Amino acid sequence: MNANLSLNGSTNASLGWINHHDKLSAFEAEKRRYPRYQAQLEVTCTFYDNLKNDFEIVSAKVENKSEAGLLLTTNEPLEIGMPILVRLKHFSEKDAEDELNDGIHARVVRCDEIFSPDERPCYRIAIEYFELCQ
């Protein structure tokens, strides 16, 4: 599946995505390959579990997205290299143009344990699309 994200400014603004790339210092912005757009959307991550011989679904929240991938927060760790399908949990007219409605195929590239405000462990997951989005 081609995850053809339209990341032009007007579309992202109408979907509630905020560009934080412009707020970074010049040094920080140079380290990033693509601008990030931030929003708090609920998504599901579907992956195949070899041990259970079945598909598993984990709920997550999108922290930000770019042309290359997403940054998610979830209560369960995901294995680095794992292929996943990320899809919006709830669909609304506001999100009609977002490719997350149909789902985006990606792989996990980072999984860091962090702590929620109430001190429970959770995970920040970086995923990279299989195909670069336009």
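Notes on the structure in this doc start here. Computed from a predicted model, the values in this text were never measured in an experiment.

### Topic: the pairing of strand β7 (residues 121–129)
Look at any regular strand and the pattern is simple: side chains alternate between the two faces of the sheet. One ladder, built from 6 bridges, connects strand β4 (residues 69–74) with β7; its direction is antiparallel. Bridging across to β7, L71 finds its partner in A126. Of the strand pairs in this sheet, strand β6 (residues 104–115) and β7 are connected by 9 bridges, and their pairing is antiparallel. Directly across from R110, in β7, lies its bridge partner A126. Connecting the antiparallel pair β6 and β7 is a turn made up of 5 residues, with E119 showing a positive phi of about 70°.

### Some remarks on unusual backbone geometry
The phi angle at N53 is positive, at roughly 55°, despite the residue not being glycine. With respect to the secondary-structure elements, N53 resides in the loop between β2 (37–49) and β3 (54–65). Overall, N53 belongs to the exposed group, its relative accessible area being 57%.

### What about the packing of aromatic side chains?
Think of a pair of aromatic rings as described by two things: how far the centres are apart, and how the planes are tilted against each other in angle. With the rule as written, the count across this model stands at 1 aromatic pair. With a centroid separation of 5.2 Å and an interplanar angle of 75°, the aromatic rings of Y48 and F55 are classed as edge-to-face. Exposure remark for Y48: the relative accessible area of 36% places this residue in the partly exposed category. Residue F55 is classed as exposed on the basis of its relative accessible area, which comes to 54%.

About the thresholds
- Residues numbered from 1 in each chain as written.
- Predicted model: local features only at pLDDT ≥ 70, side-chain atom pairs only at ≥ 80, totals over all residues.
- Heavy atoms only, no water.
- Pairing = 2+ DSSP bridges.
- Helix = DSSP H or I, 4+ residues; strand = E, 2+ residues; numbered from the N terminus.
- Buried < 20%, exposed > 50% of the residue type's maximum accessible area, 1.4 Å probe, protein only.
- Phe/Tyr/Trp six-rings, centres within 6.5 Å; stacked < 30°, edge-to-face > 60°.

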